[in-house]
Structures are given as C-alpha cells and as structure tokens.
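Structure assessment
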Amino acid sequence: MTLQRIADHLGVSRTTVSNAYNRPDQLTAELRDRILAEAERVGYLGPNPAGRMLRTGRRNALGLLFTEDLHFVFGDPVMSAFMEGVAETAAHSGTGLTLLPVPAGLPVAESAIPTAAVDGYIVFSVAAEHPALAPIVSSGVPVIVVDEPSRDDLAGFVGIDDRAGATLAAHHLLSLGHQRLGIVTSRLGLRARPGRVDRSEIARADVRVARVRLTAYLDAIAAADLDPDAVPIFEASGNDPDAGRVAATDLLTTAPEVTGLLCVTDQIAIGAVQAAAVSGRSVPDDLSVVGFDDIPRATTWDPPLTTIRQPLVDKGRIAARMLLDATAGQPPRRTILPIGLVERASTGPPRRG
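Because the structure is a prediction, the values reported are computed rather than measured. (Residues numbered from 1 in each chain as written. Predicted model: local features only at pLDDT ≥ 70, side-chain atom pairs only at ≥ 80, totals over all residues. Heavy atoms only, no water.)

**Structural notes on empty space enclosed by the protein**
Stated formally: Two kinds of site are reported from a 1 Å grid over the protein atoms alone, namely cavities, where a 1.4 Å probe fits but cannot get out, and pockets, open sets with protein on both sides within 12 Å along at least five of seven lines, and residues are called lining when an atom falls within 4 Å of a point. Grid points are joined across faces, edges and corners, and a volume is the space filled by probe spheres set on the points. A run of H or I in DSSP counts as a helix once it spans at least four residues, and a run of E counts as a strand once it spans at least two, with each numbered from the N terminus. Gly falls in the polar group here, along with every residue not listed as nonpolar (Ala, Val, Leu, Ile, Met, Phe, Trp, Tyr, Cys, Pro) or charged (Asp, Glu, Lys, Arg).
Summed over all chains, the structure comprises 1 cavity of 30 Å³ or more. If you add up the space inside the largest cavity, you get close to 40 Å³. Every residue lining the largest cavity is listed: Ile-144, Ala-155, Met-322, Asp-325, Ala-326, Gln-330, Pro-331, Pro-332 and Arg-333. Per-element accounting of the lining of the largest cavity gives the leading share, 3 residues, to helix H14 (residues 312-327). Broken down by class, the residue content of the lining of the largest cavity amounts to 6 nonpolar, 1 polar and 2 charged.

**Looking at the nonpolar core**
Threshold: The criterion is simple. A nonpolar core is a set of buried Ala, Val, Leu, Ile, Met, Phe, Trp, Tyr and Cys residues joined through side-chain atoms within 4.5 Å. Each residue is placed in one exposure class: buried if its accessible area under a 1.4 Å probe, protein chains only, is under 20% of its type's maximum, exposed if it is over 50%, and partly exposed if it falls in between. By definition in these notes, contact holds between two residues if any of their heavy atoms fall within 4.5 Å.
If you look at the biggest cluster of nonpolar residues, it comprises 78 residues, and the most contacted ones within it are Met-79, Phe-82, Ile-122, Phe-124, Tyr-217, Leu-261 and Leu-262. Excluding residues that lie within four positions of it along the chain, Leu-261 makes contacts with Leu-173, Gly-182, Ile-183, Val-184, Ala-248, Leu-251, Ala-272, Leu-287, Ser-288, Val-289 and Val-290. Counting residues in each nonpolar core, the second largest holds 17 residues, with Leu-100, Tyr-121, Ala-132 and Ile-136 among its members.

**Re the sheet that holds strand E9 (residues 260-263)**
Heads up, the condition is: Only when DSSP finds a minimum of two bridges between them are two strands counted as paired. Structural elements are reduced to axes, namely lines fitted to C-alpha atoms, with helices fitted over the stretch in contact, and the angle between N-to-C directions of any two is expressed from 0 to 180 degrees.
The sheet built from 5 strands is open, its strands ordered E7-E8-E6-E9-E10 with mixed pairing. For this open sheet the edge positions go to strand E7 (195-196) and strand E10 (288-290), each flanked by a neighbour on one side alone. Judged from the 2 bridges that link them, E7 and strand E8 (residues 233-235) form a sheet pairing that is antiparallel. Bridge pairing in E8 links Arg-196 to Phe-234. Together, strand E6 (181-185), E8 and E9 form the strand contacts of helix H10 (residues 208-223), whose direction differs from that of E6 by roughly 175°.

**With respect to the sheet that holds strand E3 (residues 121-124)**
Sheets are built from strands paired through backbone hydrogen bonds, the pairs being either parallel or antiparallel. Overall, parallel pairing links the 6 strands, which are arranged E2-E1-E3-E4-E5-E12 in an open sheet. At either margin of the open sheet sits one strand with a lone partner, and together these are strand E2 (96-101) and strand E12 (334-337). When strand polarity is set aside, the average angle formed by the axes of neighbouring strands in this sheet is 15°.

**Let's talk about the packing of aromatic side chains**
Note the following rule: Aromatic pairs are defined between Phe, Tyr and Trp rings, using the six-membered ring for Trp, whenever the two ring centres lie within 6.5 Å; interplanar angles under 30 degrees are classed as stacked, those over 60 as edge-to-face, and all others as tilted. Both a distance and an angle decide whether a charge sits over a ring: NZ of Lys or CZ of Arg must be within 6 Å of the ring centre and within 35 degrees of the ring normal.
For the coordinates displayed, the defined rule picks out 2 aromatic pairs. Here the basic side chain of Arg-213 rests over the ring of Phe-292, its NZ or CZ set 3.6 Å away from the ring centre. Over the ring of Phe-157 we find Arg-334; its NZ or CZ atom is 4.2 Å from the centre of that ring.

**Observations concerning the packing of helix H11 (residues 241-254) against helix H12 (residues 266-278)**
The condition is simple: For this classification, under 35 degrees means roughly parallel, over 145 means roughly antiparallel, 65 to 115 means roughly perpendicular, and everything else is oblique. Left-handed describes a crossing whose near helix is turned anticlockwise from the far helix by less than a right angle; the clockwise case is right-handed.
Following both chains from N to C, one finds H11 and H12 inclined at 50°, their axes separated by 7 Å at the closest point. Taken together, H11 and H12 sit at an angle that is classed as oblique. In this structure, the crossing between H11 and H12 has a hand that is right-handed. Residues Pro-241, Gly-244, Arg-245, Ala-248, Thr-249 and Leu-252 of H11 form the contact with H12, whose participating residues are Gln-267, Ile-268, Ile-270, Gly-271, Ala-272, Gln-274, Ala-275 and Ala-276.

Written out as structure tokens, the structure reads:
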C-alpha cells in the first residue's frame, strides 16, 4: 500500500494525503481524520521516514554527548536522574534520543559522533578542551550545554550556580565550628590524576564545575580568617564511592586532624563516610561530611548526607525542551536553576577537646 493508492481510493491528491502526516494544519480536521482512518484500515504506516528526512531536513532525534563509558548513563545517579528528564521530554514530543559516549582514550573519529543523524546536541558536563566539541559546534545544528562548558557560540546553557552552592556548603561547616577542613574532589581534567592536589592546579583545571566548587570552598575558608593553603585537597580517580573512599582515606591518613570534609559530589561524599568508618571515625561525631547534588542515595545513606540540592530531573527536562525549541528556530537562552543546602545527619559540631 502506497501513499498514491490511498489518494486514489479517497479521490484526493497525493499531496493532500502527505499533508495529513506532515502538514496537518493545511487540512480540515474532518478530512485529515478521514485520510488517517482509511490509512489505518488498509495498513498504511505513513510516508517513508528516509524520504521525509530528505524532504524536511529533520532527523527527529536528539544527540546526547557525554565523556564517560555507556554504563555511566545507568550507573551514575546524577546522570540517571538527568536522563530521566531528557527521555521524558523527548518522548512527549515524539522525538528519538541518540546516546553519544566519548570515554577517555576513544578517538572522536572512532566514536558515534561523525555518523550521528540528529537535529541537535545536548552536551552533558564536558571539559572545555575536549576534542569532541569541535565537530559538534561545526555541524551547524543547535547545541545546548548542561553544566559545562559555558560558551557564547553554543545555542543555550542549563546549569546551577556552583559557586553559590559550594559557598553554602563551606559556610555550613564553618558555622558549626569546624576549623580543620579537607576537600575531596572528582577529576579536575580530561583524565584523573588521583592524589594530593596543589592549589596551583585548581586555576588550570579543565573541568569547570570542579574548579568553581573548589575555588568557592577555599574562598569561604579564607573569608573565615583561616589559611586556605593549609587545607588538604585530594583528587579521586573517578566520581564513584569507591574512588571517593580511597581519596578520603589518603586525606585522613595524611591529615588526621581534619574534622570536616567538603566533597565535590555526593558520590565522593558517600565514599568519604566509608573511609571514616574504615579509619575508626564516627560521622558526624569525629568527622562531618558534606556532599553536593542530593542524589536519591543521599537520603538513605547511613547517616543521611548533608548536601547541596540541585533539581537533577528538571535539568534534563529543561535541556531537552530548550534543544527542541532551538531546532524550531527559537533563540538561545541561558537558564540557571535553584539550589539549596539540605542539612542531614552527616554533619555536626566538632568534638570538643
């Protein structure tokens, strides 16, 4: 069954049948319903998708770029929550979603990017110097950045005020009376360099989110008349509890006097709580721990994490909606989402004595 045979059977033009699928506003509701009902009766599924793509120039799919392995989408709670929002919005619009992982060590030419047939890209937290950005920017389709990088040549940006969030976290520990603080961060560059971080490395860090949060922590500590140079900072090998546990263990071994840990993510903070237990410290009596993100596990962890909440699912919804709007010709925009401190049982005053 072809489009022409439907047209002949109904006594209308081939263009009229095509409009029922591609330009419904050109037909009366009655005529369109009659065409679709006849098509359903005879088993006609609509115009050929490849032909429609050639005519309209639309692929009806969005690309999602991220610089981790594919399992990261399903294993990382921040990414999973974000993906929930993206998938929900894409599904409601009848749009497909193409995942484009470019993990460390994979040349961009060997990734799915060169052959991706998409109407636009969502770039999820990619370092500013990552080589995958160049072909995407030069593709000529809209690009929406989530978290980083922040660039004027891209269609839009969705993120949070990372500096304000990190400042809230630091002020919380300082207000409880902690003066001996430590920091555990996720990777600072395209590749992680686990171990102690020199302060000079922070300003050169490729990962904007980690750089901004670390700088805000140290600025808040300096504003409290404490020496930021005395704060031990350790980089984890990845953004997961195991990596956070190893990095926090190294920090607490190197600086056992620390009573409060500022962690760049909740995943790292969960590992830090595990490190405290391994070293015989009680949280929060001997060590207070603050995370960032408010992932679902933060509420169920023992003890529940004090953290900075950001709207992870909404971030995905808004990014997908912005990209759909951009593909329809709407101008780019910048959206900063709200954050807030959530106080739970992982923080308390330092032990006296």
